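# Summary of structural features
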Amino acid sequence: MPDLLSDQRDMEFTIFEQLQADKLCAHEPYKEFSRDLFEMIMTESLKMSAREAMPLNAVGDREGCRMEDGQVNVPKAFQEPWRLFTEWGWIVLTEPPDVGGQGIPQVIGLTCLEHTLAANYSFYSFLSLTKGAVRLIQNFGTEDQKNRYMFKMLEGQWAGTMCLTEPNAGSDVGAVKTMAKRNPDGTFSISGSKIFITDGDHDLTENIIHPVLARIEGAPAGTRGISLFLVPKYCVNDDGSLGEFNDIKVTGLEEKMGLHGSPTCAMNFGEDGKCVGELLGEENRGMRIMFQMMNEARLGVGLAGMALASTAYLHSLEYAKERIQGTDFREAGNPDAPSVPIIRHPDVRRMLMYMKSLVEGMRGMIYFGAYCMDRVSIATDDEDRSKWQGFVDLLIPVIKGYSSEMGFRVVETAMQVYGGYGYVSEYPVEQFLRDSKITSIFEGTNGIQAMDLVGRKLGMKGGSIFDRFLGEIGDFVALAREKAGL
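These remarks concern the structure in this document. (Residues numbered from 1 in each chain as written. Predicted model: local features only at pLDDT ≥ 70, side-chain atom pairs only at ≥ 80, totals over all residues. Heavy atoms only, no water.)

### Some remarks on the overall build of the chain
Assigned secondary structure in the chain consists of 13 helices and 14 strands. For the chain, whose C-alpha radius of gyration is 24 Å, the value lies close to the compact-globule estimate of 23 Å for 486 residues. Taking the principal axes of its C-alpha atoms as reference, the chain extends roughly 85 × 55 × 40 Å. Going through the 486 residues of the chain one by one, you find that 54% of them count as buried. Taking the contacts inside the chain whose residues are at least 6 apart along the sequence as the reference set, 71% of them involve residues at least 24 apart. For the chain, the computed accessible surface area is about 21,400 Å², with 53% contributed by carbon and sulfur atoms. Here the chain holds 49 positive side-chain charges and 68 negative ones, and the gap between their average locations is 4 Å. (Helix = DSSP H or I, 4+ residues; strand = E, 2+ residues; numbered from the N terminus. Rg over C-alpha atoms; globule rule 2.2 N^0.38 Å. Buried < 20%, exposed > 50% of the residue type's maximum accessible area, 1.4 Å probe, protein only. Contact = heavy atoms within 4.5 Å. Areas by Shrake-Rupley, 256 points an atom, 1.4 Å probe, with all protein chains shown as cover. Lys, Arg positive; Asp, Glu negative; His and termini not counted. Charge placed at Lys NZ, Arg CZ, Asp CG, Glu CD.)

### Here we look at the pattern of salt bridges
This structure, assessed with the given rule, holds 32 salt bridges. A salt bridge links Arg363 to Glu114; the shortest N-O distance between them is 2.6 Å. Taken together, the residues Arg363 in helix H9 (residues 346-378) and Glu114 in helix H5 (residues 106-119) connect sequence positions 249 residues apart. The class for Glu114 is buried, based on a relative accessible area of 0%. (Salt bridge = Lys/Arg side-chain N within 4 Å of Asp/Glu carboxyl O.)

### Thoughts on the packing of aromatic side chains
Geometry of an aromatic ring pair is reported as the spacing of the ring centres plus the angle between the planes. Per the stated rule, a full pass over the model turns up 17 aromatic pairs. With centroids separated by 6.5 Å and ring planes inclined at 55°, the aromatic side chains of Tyr149 and Trp158 adopt a geometry described as tilted. Owing to a relative accessible area of 0%, Trp158 belongs among the buried residues under this scheme. Pairing Tyr421 with Tyr427 gives two aromatic rings, centres 5.8 Å apart and planes at 70°, and the pair type is edge-to-face. Tyr421 gets classed as partly exposed once you look at its relative accessible area, which sits at 36%. Here Tyr427 falls in the partly exposed class, since its relative accessible area comes to 24%. Members of the aromatic cluster, connected to one another through ring pairs, are Phe368, Tyr371, Trp388, Phe391 and Phe469. (Phe/Tyr/Trp six-rings, centres within 6.5 Å; stacked < 30°, edge-to-face > 60°.)

### Structural notes on the side chain of Arg135
Locating Arg135 in the fold gives a position in helix H6 (residues 121-140). One polar contact links Arg135 to Glu296, side chain to side chain, over a distance of 2.4 Å. (Polar contact = N/O pair within 3.5 Å; in protein donor to acceptor, adjacent residues only side chain to side chain.)

### Points about the environment of Thr161
Relative to the assigned elements, Thr161 resides in the loop between strand E3 (158-160) and strand E4 (179-182). For Thr161, a relative accessible area of 0% puts it in the buried group. Between the C-alpha atoms of Thr161 and Gly462, which are 301 residues apart in sequence, the distance is 36 Å. Discounting residues that sit within four places of it in the chain, Thr161 has contacts with Leu129, Ala133, Ile197, Thr198, Asp199, Gly200, Ile208, Ile209, His210, Pro211 and Met293.

### A look at the packing of helix H4 (residues 79-87) against H6
At a minimum axis separation of 11 Å, H4 and H6 run at an interaxial angle of 40°. Here H4 is positioned oblique relative to H6, judged by the angle of their axes. When the axes of H4 and H6 are compared, the crossing they make is right-handed. Contact residues: H4 offers Pro81, Trp82, Phe85 and Thr86, while H6 offers Phe123, Phe126, Leu127 and Thr130. Classifying every residue of the contact of H4 with H6 gives six nonpolar, two polar and no charged. (Axes fitted to C-alpha atoms, helices over the stretch in contact; angles between N-to-C directions. Parallel < 35°, antiparallel > 145°, perpendicular 65-115°, else oblique. Left-handed = near helix turned anticlockwise from the far one by under 90°. Nonpolar A, V, L, I, M, F, W, Y, C, P; charged D, E, K, R; others polar.)

### Overview of unusual backbone geometry
Note that the residue after Glu28, namely Pro29, is joined by a cis bond; omega there is 10°. By secondary structure assignment, the location of Pro29 is in the loop between helix H1 (8-18) and helix H2 (35-53). Although it is not a glycine, Asp69 sits at a positive phi angle of roughly 55°. Relative to the elements of secondary structure, Asp69 occurs in the loop between strand E1 (66-68) and strand E2 (71-73). According to the relative accessible area criterion, Asp69 is exposed, its value standing at 85%. Backbone geometry places Asp247, a non-glycine residue, at a positive phi of 55°.

### A short note on a nonpolar patch on the surface
On the surface, a cluster of nonpolar side chains totalling about 450 Å² of accessible area is made up of Leu470, Ile473, Phe476, Val477 and Leu479. Mapped onto the fold, Phe476 is located in helix H13 (residues 464-481). (Patch = residues over 30% accessible without salt bridge, like charges linked within 9 Å, V, L, I, M, F, W, Y side chains within 5 Å.)

### Brief notes about helix H8 (residues 286-322)
In an α-helix, one turn spans 3.6 residues, which is why side chains three or four residues apart end up on the same side. Here H8 contains 37 residues, and its C-alpha end-to-end distance of 53 Å stays within 8% of the 54 Å for a straight helix at 1.5 Å per residue. Gln292 marks where H8 bends most, by close to 30°. Along H8, 30 of the 37 residues are buried, which leaves the element largely enclosed by surrounding structure. (Expected span 1.5 Å × (residues − 1). Bend = angle between axes of the 7 residues up to and from the residue.)

### What to know about the environment of Lys387
Topologically, Lys387 is positioned in helix H10 (residues 382-418). Of the residues examined, Lys387 reaches a relative accessible area of 13% and is grouped as buried. Taking the C-alpha atoms as reference points, Lys387 and Ser464, separated by 77 residues in sequence, lie 9.4 Å from one another.

### Some thoughts on the side chain of Arg363
We classify Arg363 as buried; its relative accessible area is 0%. Of the polar contacts made by the side chain of Arg363, one reaches the side chain of Ser310; its length is 3.1 Å. In this structure Arg363 touches Asp7, Asp10, Met11, Thr14, Glu114, Met306 and Ser310, once residues within four positions along its chain are discounted.

### Details of the nonpolar core
By size, the foremost hydrophobic cluster in this structure holds 121 residues, and its most contacted members are Val107, Met290, Leu352, Tyr367 and Phe368. Aside from chain neighbours lying at most four places away, what touches Tyr367 is Met11, Thr14, Ile15, Leu19, Val107, Leu110, Thr111, Glu114, Leu303 and Met306. Among the nonpolar cores identified, the runner-up in size contains 18 residues, and Ile197, Val212, Ala214 and Leu279 belong to it. (Core = buried A, V, L, I, M, F, W, Y, C linked by side-chain atoms within 4.5 Å.)

### With respect to helix H7 (residues 143-154)
The end-to-end C-alpha separation of H7 is 16 Å, in line with the 16 Å expected for twelve residues at 1.5 Å each. Listing the buried residues of H7 in full gives Gln145, Lys146, Arg148, Tyr149, Met150, Met153 and Leu154. As for H7, its buried residues are in contact with H6, E3, strand E6 (207-216), strand E7 (226-232), strand E8 (234-236) and strand E12 (276-279). Positive backbone phi, at 85°, marks Gly156, one or two positions downstream of H7.

Taken by themselves, the reported measurements are silent on function.
This is the structure we're talking about:
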């Protein structure tokens, strides 16, 4: 049921009418693309997610993940879509051609991510984390690291994660206690524990590459002394073949409210003193490097909040059209009045309009954030680049915080439209609600997003970025005032 996955018409409106993203094709590196090609990609993405990922959403929720003999196994049904999504290149749509990608604009790639998120959030997590880890290696890795790790991850042979959180540190990343001891050959021995590691272990791929935050012996306290390391599940030989198991042990799987198809792991590194990691980027710059992946993840979490809200709204809209109950309010007191679909009832219509307006507003904001990223990539001078990058930095905590918060409210309202049926697993909205709650919690709680916005982003460059953003809004309002219909 692709029509219940995402609102393709609103996606096209936002992309081509609101943002006019097809005009990006007049600039490098997007001159080989066109609106027709963008529409074809969006259509095929919707079909792919509806055919391969959506039918497995409830399957993964019921089957969940399990650990046997130290190995985590994900729902068996995920194996085939993982092969298809990676082999057919859906994981590399926005990556540059020199690493095997298609190089499409971020804003178009975001529509494809929305389809997959709405279809199956658990399955999407494996793709998104792998892609995020790849970009860290692409931007900060040595040529040797790129050749040994990146391409097999892009091809789906290997996967990726991000390992930040520790039992006693939580959101206070500066309190990280995982240690890295220098080895004579330039590698590091890693020792410590991490928790809440999404997809920390699984059987979808033969190897998993973990970017791990740790502190080199003698490094400064706090975030200033944190470095980032690549720690593979299996060591990788110089020729790219798999070597020995790298002393990484999964100590448990979290029993979660939702996202049952995605394993959340507690992990020990170097329990037997044999865990080897490679420095990624410069020493003591780990947080700065990891923020790239964290910001991408925060955009993705905001997108997840909106995508689940969108599919929940579309499902409740369809249900409201089909569920016959009660009479038209204008026929009150008429014992012979026929029963009508509940969409005819004012309170149900109010809820549907509330959901529709929030989903379309969130989609417009999120897509604008991705469009700003594309404007950075085509900018020809430092001032223009600084403007659009400033908008990206300003919007990331808003996209993550607002869309996760209000996305959950939309799913909650969709359940209300269903009434009692929404609360039972016969209908999918109950799973949407459980899966969406995490979005306001992980990748930095929404309280942290608020602190980031107020403490860092509003004051960037003396507040000039925020002033320019307000100016963009003011220009649009002035233009709208000229339209009689508005």
